[in-house]
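Next come the chains, spelled out residue by residue.
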Amino acid sequence: MAKQCMADFRLSEFSHSSLIPSSRSGAAMAWNVFKFCTALRGLGSIMILLVLGVVGVTYYAVVLTNYAPALSQPTYYYYDTAIAFTVLLFFHLLLIMLLWSYFAVVFTDPGGVPPNWRPKIDEERGEADQLNASEFSAIAQTESLNPRIRYCRKCNQLKPPRCHHCSVCGRCILKMDHHCVWVVNCVGAMNYKYFLLFLFYTFLETTLVTVSLLPHFIAFFSDGEIPGTPGTLATTFLAFVLNLAFALSVLGFLIMHLSLVAANTTTIEAYEKKTTPKWRYDLGRNRNFEQVFGTDRLHWFIPAYSDEDLRKMPALQGLEYPSKPDFDSQEF
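Here the structure is a predicted model, which is why all the values come from computation and not from measurement.

**Overview of the overall build of the protein**
For the protein, the count of helices and strands is nine helices and six strands. The buried share of the protein, taken over its 332 residues, is 43%. Only carbon and sulfur atoms are counted for the fraction: they give 64% of the accessible area of the protein, which is about 17,800 Å².

Below you can see the structure in the form of structure tokens.
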């Protein structure tokens, strides 16, 4: 998926530039890529149903088949009842947070460029006024008035810092990280935190399910008789395998994104600056973390921001980002 996002980005950023001539092979490649992007749009509702289907199978295996019945056992099975209660409690808490984060990513706009947006500051000339009409026209035609002011030829508008065009969504996304088919949405400035929380709670939930179903999975390979119908046994086996696979894959993805947060970069930017030893937006791990999660610790683990953070931190709005003054000459 990350490779596909890179292809979308490179194509949308450079294939339409007047500085790079297009060949017939390039045009054919662009046509194929955009056909693939169209297919991704139609895949959206299917992916949501797939996620809900995995949740349903897991819920049936963990709650209805294995642990809820243990709560009704006689009192002398206190130990088993206590374990079942603990598993069910944490399972439901993590499931609520997982689904809350998931649908927050799905339904939150990742951030688009406001209509008629103009950069407020031209740091090279030391001005704090918005560009006038003639300057905007000059940028759109020549793209050479200021190399740090970027223009999207597909949207016909200026692009704020760290903004990139998404070929699947068909528009520019603020601080775009990638387009994720699992959430049927772009991951950008407005929902990146929610995406990270979705990964975090998915890893915790799938790990809990894997551990709680492990004794039942081991029982499949024992010589003793296994209680349950063929349907419930098959569901338990499937739920264990699915959650183990998701736990391992999400762990790697989560580690990758936490490293990006620590460096205050995105998947696209990490690809772009792989030959750049220093990054102008790297303000230190603590401030980099706050650029995504905010400063209010009570809101770090829920898919929401405090009103105070939204008011005092422009980076959460996706249009302005603090940077190191020593790297002002570095491109956005």
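**A short note on the confidence of the model for the protein**
Of all residues in the protein, 73% attain a pLDDT of 70 or more, and the chain-wide mean is 80. When pLDDT is averaged over each element of the protein, helix H5 (residues 192-219) comes out on top at 96 and helix H1 (residues 2-14) at the bottom at 42. For the stretch residues 1-34, pLDDT sits under 50, and the model shows 43 contacts to residues farther than four places along the chain or on other chains. Counting contacts from residues 122-129, a segment whose pLDDT is below 50, to residues more than four positions away or on other chains yields 14 contacts.

**Here's the deal with empty space enclosed by the protein**
This structure, assessed with the given rule, holds one cavity of 30 Å³ or more. For the largest cavity, the calculated volume is near 70 Å³. The wall of the largest cavity is formed by Lys175, Gly188, Ala189, Tyr192, Lys193, Gln291, Val292, Tyr305, Ala315, Leu316 and Tyr321. Listing elements by their share of the lining of the largest cavity, those giving two or more residues are H5 and helix H8 (285-293).

**Examining a nonpolar patch on the surface**
A surface patch of nonpolar side chains, amounting to about 480 Å² of accessible area, comprises Leu71, Phe85, Leu89, Phe90 and Leu93. A relative accessible area of 45% places Phe90 in the partly exposed class.

**With respect to the nonpolar core**
Core analysis: the largest hydrophobic core is formed by 30 residues, its most contacted members being Tyr102, Val183, Tyr192 and Phe195. Elements supplying a minimum of two residues to this core: helix H2 (24-67), helix H3 (78-107), H5, helix H6 (230-262) and H8. It is H5 that provides the largest number of residues to this core, a total of eight residues. If sequence neighbours within four positions are ignored, Tyr102 has contacts with Met47, Ile48, Val51, Trp182, Val183 and Phe198. In this structure, Val63, Tyr67, Phe91 and Val209 belong to the second largest nonpolar core, which totals 16 residues.

**Focus: H6**
End to end, H6 covers 48 Å across 33 residues, agreeing with the expected 48 Å (1.5 Å per residue, within 8%). For H6, every residue scored as buried is listed here: Thr232, Thr235, Thr236, Ala239, Phe240, Asn243, Ala247, Val250, Leu254, His257, Leu260 and Val261. Backbone geometry just after H6 places Asn264 at a positive phi near 55 degrees.

**Concerning the packing of aromatic side chains**
The tally for this structure, following the rule as stated, stands at 17 aromatic pairs. Between Phe217 and Phe240, the ring centres sit 4.1 Å apart and the planes meet at 20 degrees, which makes this aromatic pair stacked. Placement of the pair is Phe217 in helix H5 and Phe240 in helix H6, with a sequence separation of 23 residues. With respect to class, Phe217 is no different from Phe240; both count as buried. Members of the aromatic cluster, connected to one another through ring pairs, are Phe217, Phe220, Phe221, Phe237 and Phe240. Against the face of Tyr305 rests Lys193, its NZ or CZ located 4.5 Å from the ring centre.

**Comments concerning the pattern of salt bridges**
Counted according to the given criterion, the structure contains three salt bridges. Of the charged contacts in the structure, one is a salt bridge between Asp109 and Arg171, with a shortest N-O distance of 3.0 Å. Remark: Arg171 occurs in strand S4 (residues 171-173) and Asp109 occurs in the loop between H3 and helix H4 (133-142); sequence separation between them is 62 residues. Among the residues examined, Asp109 registers a relative accessible area of 42% and is labelled partly exposed.

**Details of H8**
What H8 keeps buried is the set Asn288, Gln291, Val292 and Phe293. Its buried side turned inward, H8 meets H5 and H6. Of the residues flanking the end of H8, it is Gly294, one or two places downstream, whose phi is positive at about 85 degrees.

Basis of the calculations
Residues numbered from 1 in each chain as written. Predicted model: local features only at pLDDT ≥ 70, side-chain atom pairs only at ≥ 80, totals over all residues. Heavy atoms only, no water. Helix = DSSP H or I, 4+ residues; strand = E, 2+ residues; numbered from the N terminus. Buried < 20%, exposed > 50% of the residue type's maximum accessible area, 1.4 Å probe, protein only. Areas by Shrake-Rupley, 256 points an atom, 1.4 Å probe, with all protein chains shown as cover. pLDDT = per-residue confidence, 0-100. Contact = heavy atoms within 4.5 Å. 1 Å grid on protein atoms, 1.4 Å probe; cavity = no way out; pocket = protein on both sides within 12 Å on 5 of 7 lines; lining within 4 Å. Points joined across faces, edges and corners; volume = space filled by probe spheres on them. Patch = residues over 30% accessible without salt bridge, like charges linked within 9 Å, V, L, I, M, F, W, Y side chains within 5 Å. Salt bridge = Lys/Arg side-chain N within 4 Å of Asp/Glu carboxyl O. Core = buried A, V, L, I, M, F, W, Y, C linked by side-chain atoms within 4.5 Å. Expected span 1.5 Å × (residues − 1). Phe/Tyr/Trp six-rings, centres within 6.5 Å; stacked < 30°, edge-to-face > 60°. Lys NZ or Arg CZ within 6 Å of the ring centre and 35° of its normal.

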